[in-house]
There are 2 protein chains.
Amino acid sequence: MRPILCVPSARRAFYALNKCEVANQWSENPRLRFTFCSRRYASMDNHLLTLSNINENVKRMEYAVRGPLVIRAAQLEKELKSGKQLPFNEVIRANIGDCHAMNQQPLTYMRQVLAACTDTRLLENSEYPSDVKEKVKLLLSYCGGGSVGAYSDSTGVEIIRRHCAEYIERRDGIPSDYQNIVLTTGASEAVRAVLALINSTATDPLPTGVLIPIPQYPLYTATLAEYGMAAINYYLDESNQWALQMDELQRSINEAKGKCNPKALVVINPGNPTGSVLSLENIKNIIKFAKKENLMIIADEVYQHNIYAEGAKFYSFKKVMHEMGEKIELASMMSASKGYMGECGLRGGYCEFINLDADVKAMFFKMLSARLCSSILGQIAMDCVVRPPLPGEPSFEQHEKEKAEVLRSLKERAKLVADTFNSIPGMKSNVVAGAMYAFPELKLPEKAVQAAKEAKQAPDFFYAMNLLETTGICVVPGSGFGQIPGTYHFRTTILPQPENLQRMMDKLKKFHLDFMEKYK
Amino acid sequence: MRPILCVPSARRAFYALNKCEVANQWSENPRLRFTFCSRRYASMDNHLLTLSNINENVKRMEYAVRGPLVIRAAQLEKELKSGKQLPFNEVIRANIGDCHAMNQQPLTYMRQVLAACTDTRLLENSEYPSDVKEKVKLLLSYCGGGSVGAYSDSTGVEIIRRHCAEYIERRDGIPSDYQNIVLTTGASEAVRAVLALINSTATDPLPTGVLIPIPQYPLYTATLAEYGMAAINYYLDESNQWALQMDELQRSINEAKGKCNPKALVVINPGNPTGSVLSLENIKNIIKFAKKENLMIIADEVYQHNIYAEGAKFYSFKKVMHEMGEKIELASMMSASKGYMGECGLRGGYCEFINLDADVKAMFFKMLSARLCSSILGQIAMDCVVRPPLPGEPSFEQHEKEKAEVLRSLKERAKLVADTFNSIPGMKSNVVAGAMYAFPELKLPEKAVQAAKEAKQAPDFFYAMNLLETTGICVVPGSGFGQIPGTYHFRTTILPQPENLQRMMDKLKKFHLDFMEKYK
């Protein structure tokens with residue numbers, strides 16, 4: 001079947017003739033092909049909107065973290081609830097970095113601030129500490145009518161933007177201007193907005209290209225597909241703890257030139273799905289490369305609090321660039337959804353721009369204005385992260401204790417997961433140095449690959465679906481993140497609580513050995 | 001100066017040759033031209049991203065509700081705060097439908113539910129009524145890990161979707177399937193997502209066209225511009241209470257055919273910025289027209305609770321279509337930001353699809369998945385709207401009282417505003433039958449029009465900027481919403497609290513008479 005290309009028709013023939021790898025990348029995904037095969041001509045009734053006339057870009061996009069495996073996991077959960085007998089009695093959702101869903105407890109301070117901002121009568125509640133009440137009063141004094149129910153500026157509540165800037169200054173030891181910071185609906189909205197801003201696909205002779213790591217967090221490929229942009233894949237070096245190799249970066253951009261117009265380089269550090277943490281040296285080289293190739297850097301730094309491995313340290317791209325004396329356009333994203341707080345459902349995030357042209361920044365802010373603003377309570381969650389209780393304040397000790405306990409436990413779980421995978425024949429994992437994920441390699445027997453082909457599934461999808469049906473464990477196959485063709489992986493979070501994680505690892509090991517035996 | 005067209009280059013020449021009104025519409029806006037004139041070649045430093053290479057669509061888009069007047073209003077507020085002497089001592093933000101910013105008080109029940117969902121220790125608080133606690137327990141039982149900090153499905157928390165469906169059933173007396181409902185970041189995200197779904201501009205020979213009312217809420221023109229789609233303007237009939245005339249609809253689509261590919265018809269009812277409420281007869285005719293012209297209907301029904309005029313009634317497009325026995329694709333949007341609750345900052349909204357092809361719906365849900373989910377607290381705000389306390393429940397009486405008082409006061413203010421405008425020579429307003437706005441016509445003297453031209457401003461922008469600088473009142477000029485060329489309007493909300501609104505009306509009247517005198 002012919003892959004479906006998503007480029008304006010004037011360029012379509014060009015790509016077809018040149019067999020452009022860049023634009024075609026997602027058609028390599030067997031699940032996507034399968035979806036189209038089975039559905040493309042299925043809706044021939046009298047609807048106005050059909051698969052043949054909606055946005056081709058939407059059809060092409062794919063977001064595996066919430067793909068068919070997750071839909072099946074939800075079905076299995078419903079079946080269990082309704083009393084159906086299955087080979088397992090619980091579904092373990094290790095597919096998504098959703099801390100609270102895995103029973104991580106919220107931080108007392110943050111939730112008290114949010115609750116009292118919402119119901120201000122709680123300012124009279126004697127159980128709420130004074131620093132919580134003071135923060136609530138301060139934040140509300142910057143909200144329209146003193147209410148979280150009023151819109152903020154599209155860029156966010158001013159005092160929260162200022163707190164973000166102060167946090168960045170403390171983190172990096174260099175100045176930060178709150179007017180370069182926008183508060184967004186999680187980091188995802190910021191990523192999507194920046195990609196929209198730089199996208200000149202509709203008017204340029206070539207589509208706008210963005211370098212993305214493989215494996216990557218599928219927000220990037222999904223959004224690039226939706227926007228008709230070109231993803232330029234560079235492979236991370238699995239044999240070197242997923243480091244970013246300069247010659248590979250160079251290869252990827254060289255091959256893309258003439259097929260698209262490369263404008264930006266995405267780096268995810270700490271890594272998702274890889275769990276890697278970039279070294280200072282590596283970051284320096286990436287900055288030199290971006291400078292040489294005239295690329296903006298999009299630094300997805302949402303896991304900056306999640307560092308576990310001995311000797312690993314988080315260096316922000318901003319700080320390293322500053323120390324090198326370089327001035328490259330940079331967007332750095334942060335979120336309230338990850339770290340030790342894990343408040344995914346509140347949808348708080350921010351993006352800092354560095355070295356952006358003032359007129360371009362004005363256009364970006366104008367673009368945000370039609371979205372009105374991100375959730376004020378999400379913005380307040382972000383505030384609690386960037387301006388936590390300070391030493392001497394009533395909430396300080398408990399907050400520090402809760403935070404430290406979450407990070408300690410995650411560190412323990414990071415080690416447990418990698419060690420377990422490395423103890424299983426036919427499986428191999430790098431150190432989980434940071435973030436919340438492991439991305440082990442699977443050595444699948446030829447017979448398993450064959451069985452997958454017969455089922456019209458990618459081999460790692462076949463493996464993951466079998467794992468789900470047999471054990472209730474839901475992971476995401478490597479093909480959803482990208483991997484070197486012929487290699488197989490899956491991503492699992494390290495988020496189940498310790499006792500559940502141990503049980504999950506035991507089940508997974510048993511499944512894997514049985515699977516290998518079956519297809520040997 | 002040549003307008004900047006935002007269509008793939010292959011079509012650009014075509015449009016230039018054909019002087020396509022549809023694609024050119026926003027270039028009629030003098031402020032936009034001004035922005036380009038002054039800025040287009042301003043950033044010739046060594047930035048990678050400049051106005052000449054970012055997304056042309058982003059440059060074209062404009063969202064007047066947050067435009068230059070509002071930026072100036074914020075500056076003036078800061079100047080007042082810093083002690084500067086101005087001709088007024090307060091800025092009145094009548095530019096945006098932001099109820100709480102205008103000191104509308106939040107509903108007790110809703111805020112208690114939100115607070116206790118956030119800090120579950122409040123389930124032990126003796127001041128919180130039992131129905132609040134029961135709702136909190138029910139909602140959290142549907143959240144991952146029982147926490148508002150977990151992601152929901154991309155479509156939203158199941159029980160809240162079910163409550164939305166029940167609300168729609170009660171409203172219309174016809175069935176609603178929760179699986180056709182998605183919870184979104186306000187109604188805006190739903191509008192943007194539906195427009196993205198139907199946009200086949202990138203692959204069709206002609207851009208995708210959408211019929212929008214003029215005047216309109218600028219979310220539509222802004223989003224269509226950002227997506228490179230074509231807005232097909234139909235003018236509402238000001239002399240008939242802003243009714244939607246069939247011959248005008250027909251004219252607009254006839255003129256657009258061959259220049260774009262019309263796919264959808266947007267109707268805003270009750271109207272923004274017009275404050276009108278469509279009659280049953282009018283809605284029936286619109287549905288017949290959409291049927292005849294093969295258009296999907298996008299029904300922006302976020303003001304469905306805001307009906308004030310004697311004899312006016314809200315009819316949902318879904319209900320009317322059902323009663324006519326028609327089956328057209330329909331998307332209906334609702335929000336927690338408007339109505340009597342006005343919780344704009346919480347960003348809760350929903351969209352119901354009717355008659356959508358199942359495969360297309362699946363694609364829409366897939367598209368939403370990369371955005372993860374809307375704010376859980378925003379979803380819960382929506383829940384409190386669609387499933388308020390019932391008779392007999394402890395919170396019922398207070399809730400009904402608070403709700404009735406907000407709606408009663410809005411009704412009074414709607415009348416005050418329209419009556420005042422109609423008492424001023426050179427100003428004329430239709431009845432504010434619903435929503436939260438008046439859109440009076442201004443008869444500007446020729447000298448004022450001339451003075452505006454000399455200032456390189458649209459006449460109504462000139463008027464509104466003078467109003468702001470003289471009185472501190474911030475309204476939005478009609479050119480931001482669209483109007484028949486040569487006519488002038490502004491939009492004001494009716495949201496300032498009664499005593500402030502009276503003061504604002506007095507100031508506005510005095511300003512207007514002085515302005516007319518000055519330029520007579």
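This one's a predicted model, so the numbers in the text were calculated from it and none came from an experiment.

Undergrad: Explain the pairing of strand 4 (residues 230-235) of chain A here, please?
TA: Taken residue by residue, a regular strand's side chains alternate between the two faces of the sheet. Residues and elements named next belong to chain A. Relative to strand 4, strand 3 (residues 208-214) runs parallel, the two sharing 6 bridges. By the bridge assignment, Gly209 is partnered in strand 4 with Ala230. Considered for its hand, the β-α-β crossover made up of strand 3, helix 10 (residues 219-226) and strand 4 is right-handed.

Undergrad: Explanation requested: the interface of chain B and chain A in the structure shown.
TA: In many reports, interface size means the accessible area that the parts give up when they come together. In this assembly, 101 residues from chain B lie in contact with 100 residues from chain A. Of the roughly 8200 Å² buried between chain B and chain A on both sides combined, carbon and sulfur atoms contribute 57%. When the area that chain B buries against chain A is broken down by residue, the three leading residues are Leu49, Arg66 and Tyr151 of chain B, summing to 9%. Linking chain B to chain A there are 4 salt bridges. Between the two partners, chain B and chain A, sit 45 residue pairs in polar contact (both at pLDDT 80 or more). Of all the elements in the fold, those that place two or more residues in the side of chain B that touches chain A are helix 1 (9-18), helix 3 (30-39), helix 4 (56-60), helix 6 (108-118), helix 9 (186-198), helix 10 (219-226), helix 14 (358-369) and helix 15 (376-386) of chain B. Taken together, the residues of the side of chain B that touches chain A sort by class into 43 nonpolar, 32 polar and 26 charged.

Undergrad: How do you make sense of the UniProt feature "domain: Aminotransferase class I/classII large" (unreviewed entry) in chain A when you look at a structure like this?
TA: UniProt feature "domain: Aminotransferase class I/classII large" (unreviewed entry): in the numbering of this structure it lies at residues 144-508 of chain A. Along residues 144-508 of chain A, the helical share is 42% and the strand share 16%, with 52 Å between the first and last C-alpha atoms.

Undergrad: Before we go on, may I ask you to explain the packing of helix 5 (residues 68-81) of chain B against helix 18 (residues 459-471) of chain B in this structure?
TA: A packed helix pair is summarised by two numbers, namely the angle formed by the two axes and the spacing between the axes. Residue and element names in this part refer to chain B. Two elements in contact, helix 5 and helix 18, have axes whose closest approach is 11 Å; the angle formed by their N-to-C orientations is 10 degrees. As summarised for this structure, helix 5 and helix 18 are arranged roughly parallel, according to the angle between their axes. In this structure, helix 5 contributes Pro68, Leu69, Arg72, Ala73 and Leu76 to the contact, and helix 18 contributes Phe461, Ala464, Met465, Leu468 and Glu469.

Undergrad: What's the story with the domain arrangement of chain A in this structure? I'm lost.
TA: Residue and element names in this part refer to chain A. Taken domain by domain, chain A holds domain 1 (59-91 + 398-519) and domain 2 (108-386). Of note, the centres of domain 1 and domain 2, computed from C-alpha atoms alone, are 27 Å apart. The interface of domain 1 with domain 2 comprises 35 residues on the first partner and 33 residues on the second. Both sides together, the interface formed by domain 1 and domain 2 hides about 2900 Å², and carbon and sulfur atoms give 58% of it. Taken together, domain 1 and domain 2 are joined by 0 salt bridges. Summed over the shared surface of domain 1 and domain 2, the number is 14 residue pairs in polar contact (both at pLDDT 80 or more). Residue assignment for the side of domain 1 that touches domain 2 shows that the elements contributing at least two residues are helix 16 (396-422), strand 10 (437-438) and strand 14 (488-493).

Undergrad: Quick question: what am I supposed to make of the pattern of salt bridges here?
TA: When the charged atoms of two side chains lie near each other, side chains of opposite charge can form a pair. For the structure on display, the rule yields 58 salt bridges over all chains. In this structure, the salt-bridge partner of Glu226 of chain A is Arg371 of chain B, at a minimum N-O distance of 3.1 Å. One end of the pair, Glu226 of chain A, is in helix 10; the other, Arg371 of chain B, is in the loop between helix 14 and helix 15, on a second chain. For the residue pair Glu226 of chain A and Arg371 of chain B, the accessibility class agrees, reading buried in each case. Between Lys415 of chain B and Asp419 of chain B there is a salt bridge, with the nearest N and O atoms lying 2.7 Å from each other.

Undergrad: What exactly am I supposed to notice about the packing of aromatic side chains here?
TA: How two aromatic rings sit relative to each other is given by the distance of their centres and the angle of their planes. Tallied over the full model, the rule gives 24 aromatic pairs over all chains. Between Phe421 of chain B and Phe490 of chain B, the aromatic rings sit 5.6 Å apart at their centres with planes inclined by 85 degrees, giving edge-to-face as the arrangement. Highlighted residues: Phe421 of chain B in helix 16 (residues 396-422) and Phe490 of chain B in strand 14 (residues 488-493), separated in sequence by 69 residues. Here a set of aromatic residues connected by ring pairs shows up, and it is made of Phe421, Phe462, Tyr463, Phe490, Phe511, Phe515 and Tyr519 of chain A.

Undergrad: What am I meant to see in the pairing of strand 8 (residues 348-354) of chain B here?
TA: Residues and elements named next belong to chain B. Here strand 8 lies mainly inside the structure; 7 of its 7 residues are buried. Neither face of strand 8 is left uncovered, since the one carrying Gly348, Tyr350, Glu352 and Ile354 and the one carrying Gly349, Cys351 and Phe353 both have all their residues buried. Sheet topology places strand 7 (residues 330-335) next to strand 8; 6 bridges connect them, and they run antiparallel. Looking across to strand 8, one finds that Ser335 is bridged to Gly349.

Undergrad: Help me understand the sheet that holds strand 6 (residues 296-300) of chain B, please; the structure alone is not making it clear to me.
TA: Two modes of strand pairing occur in sheets, parallel and antiparallel, and in both the strands are linked by backbone hydrogen bonds. Residues and elements named next belong to chain B. Pairing is mixed across the open sheet formed by 7 strands, whose spatial order is 2-8-7-6-5-3-4. Pairing within the sheet leaves two strands with one partner each, and these edge strands are strand 2 (181-185) and strand 4 (230-235). Mean inter-strand twist for the sheet, computed between neighbouring axes without regard to direction, equals 25 degrees. The sheet contact formed by strand 5 (residues 261-268) and strand 6 spans 5 bridges and is parallel. In the strand pairing of strand 6, Val267 is matched with Ala299. Its contacts with the sheet place helix 11 (residues 246-256) against strand 3 (208-214), strand 4 and strand 5, and it is angled at close to 150 degrees to strand 4.

Undergrad: Just to check I follow, could you spell out the packing of helix 6 (residues 108-118) of chain A against helix 7 (residues 130-141) of chain A for this structure?
TA: All names here are of chain A. As a packed pair, helix 6 and helix 7 sit with axes 9 Å apart at the nearest point and diverge in direction by 50 degrees. By the angle between their axes, helix 6 is oblique relative to helix 7. The chirality of how helix 6 crosses helix 7 is right-handed. Note on element contacts: helix 7 touches helix 6 through Asp131, Val132, Lys135, Val136, Leu139 and Leu140, opposite Tyr109, Gln112, Val113, Ala116 and Cys117. Split by residue class, the contact of helix 6 with helix 7 holds 8 nonpolar, 1 polar and 2 charged.

Undergrad: What's the story with the relation of the copies chain B and chain A in this structure? I'm lost.
TA: Comparison of the two chain copies shows a relationship of rotation about an axis with a shift along it. Mapping chain B onto chain A calls for a rotation angle of 180 degrees and an axial translation of 0.0 Å; the resulting RMSD is 0.0 Å. Given the turn and translation reported, the copies of this chain are related as if by a two-fold rotation axis. Residues of chain B ranked by C-alpha distance from the rotation axis are headed by Ala115 of chain B, positioned 2.2 Å from it.

Undergrad: What am I meant to see in the sheet that holds strand 7 (residues 330-335) of chain A here?
TA: Residue and element names in this part refer to chain A. Overall, mixed pairing links the 7 strands, which are arranged 2-8-7-6-5-3-4 in an open sheet. Each having just a single partner strand, strand 2 (181-185) and strand 4 make up the two edges of the open sheet. When strand polarity is set aside, the average angle formed by the axes of neighbouring strands in this sheet is 25 degrees. The strands touched by helix 12 (residues 280-293) within the sheet are strand 3, strand 5 (261-268) and strand 6 (296-300), with strand 5 carrying the most contacts at an inclination of about 170 degrees.

Undergrad: Looking at this model, I keep getting lost on the state of the cysteines. Mind explaining?
TA: Linking two cysteines covalently via their sulfur atoms produces the bond known as a disulfide. In the structure shown here, the tally under the stated rule is 0 disulfides over all chains. Cys143 of chain A takes part in no disulfide bond, and the closest cysteine sulfur to it belongs to Cys117 of chain A, at a distance of 7.0 Å. Overall, the relative accessible area of 11% leaves Cys143 of chain A in the buried class. Cys351 of chain B provides the cysteine sulfur closest to Cys164 of chain B, a residue in no disulfide bond, and the two sulfurs are 11 Å apart.

Undergrad: I'm lost on unusual backbone geometry in this one. Help?
TA: Most peptide bonds are trans, and most residues other than glycine sit at a negative phi. Here the bond from Ile214 of chain A into Pro215 of chain A is cis, since omega is 0 degrees, no more than 30 degrees from zero. Topologically, Pro215 of chain A is positioned in the loop between strand 3 and helix 10. For the bond from Asn272 of chain A to Pro273 of chain A, the omega torsion is 10 degrees, close enough to zero to count as cis. Among the secondary structure elements, Pro273 of chain A is positioned in the loop between strand 5 and helix 12. The backbone of Leu372 of chain A shows a phi angle near 70 degrees, a positive value even though the residue is not glycine. With respect to the element layout, Leu372 of chain A can be found in the loop between helix 14 (358-369) and helix 15 (376-386). Residues other than glycine seldom take positive phi values, yet Lys456 of chain B does so here, at roughly 55 degrees. Position of Lys456 of chain B relative to the elements: it lies in the loop between helix 17 (446-454) and helix 18.

Criteria and cut-off values
- Each chain has its residues counted from 1, following the order in which its sequence is written.
- Chains and ligands are labelled sequentially in the order written, the chains with letters from A and the ligands with numbers from 1.
- For this predicted model, a pLDDT threshold of at least 70 governs which residues receive local features, and a threshold of 80 or more governs which side-chain atom pairs are given and counted, while totals over whole chains, interfaces and linings are taken from all residues.
- Only heavy atoms go into the side-chain values, all of them from the structure, while hydrogens and water stay out.
- At least two DSSP bridges between two strands are required for those strands to pair.
- Under the scheme used here, helices are H or I runs from DSSP no shorter than 4 residues and strands are E runs no shorter than 2 residues, and both carry numbers assigned from the N terminus.
- Every crossover in which the path from the first strand over the helix to the second runs clockwise, viewed with the strands pointing away from the viewer, is termed right-handed.
- The contact criterion used is simple: two residues touch if any of their non-hydrogen atoms lie within 4.5 Å.
- Put simply, buried area is how much 1.4 Å-probe accessible surface two parts lose in total, over both of them, once they are put together.
- Definition used for salt bridges: Asp or Glu carboxyl oxygen within 4 Å of a side-chain nitrogen of Lys or Arg.
- Distance and chemistry together define a polar contact, namely a pair of N or O atoms within 3.5 Å, with one atom able to donate a hydrogen and the other to accept it when in protein, and with adjacent residues in sequence counting only for side-chain atoms on both sides.
- In this classification, Asp, Glu, Lys and Arg are treated as charged, Ala, Val, Leu, Ile, Met, Phe, Trp, Tyr, Cys and Pro as nonpolar, and every other residue, Gly included, as polar.
- UniProt positions are given in the numbering used here, feature names are shortened, and annotations may be inferred rather than shown by experiment.
- Under this scheme, a helix contributes an axis fitted over its contacting stretch, all axes are lines through C-alpha atoms, and angles between N-to-C directions fall in the 0 to 180 degree range.
- An angle below 35 degrees is treated as roughly parallel, one above 145 as roughly antiparallel, one from 65 to 115 as roughly perpendicular, and anything else as oblique.
- Where each domain begins and ends is defined by an automated method or by a domain database.
- Type-normalised accessible area, obtained with a 1.4 Å probe on protein chains alone, sets the label of each residue: buried when under 20%, exposed when over 50%, and partly exposed for intermediate values.
- Pairing of aromatic side chains requires ring centres within 6.5 Å, counting the rings of Phe and Tyr and the six-membered ring of Trp. Pairs whose planes differ by under 30 degrees are stacked, by over 60 edge-to-face, and all others tilted.
- By definition, any crossing whose near helix is turned counterclockwise from its far helix by less than a right angle is left-handed, and any crossing with a clockwise turn is right-handed.
- We superpose the copies by least squares over the C-alpha atoms of residues that have a pLDDT of at least 70 in both of them.
- Count a disulfide wherever a pair of cysteine sulfur atoms falls within 2.5 Å.

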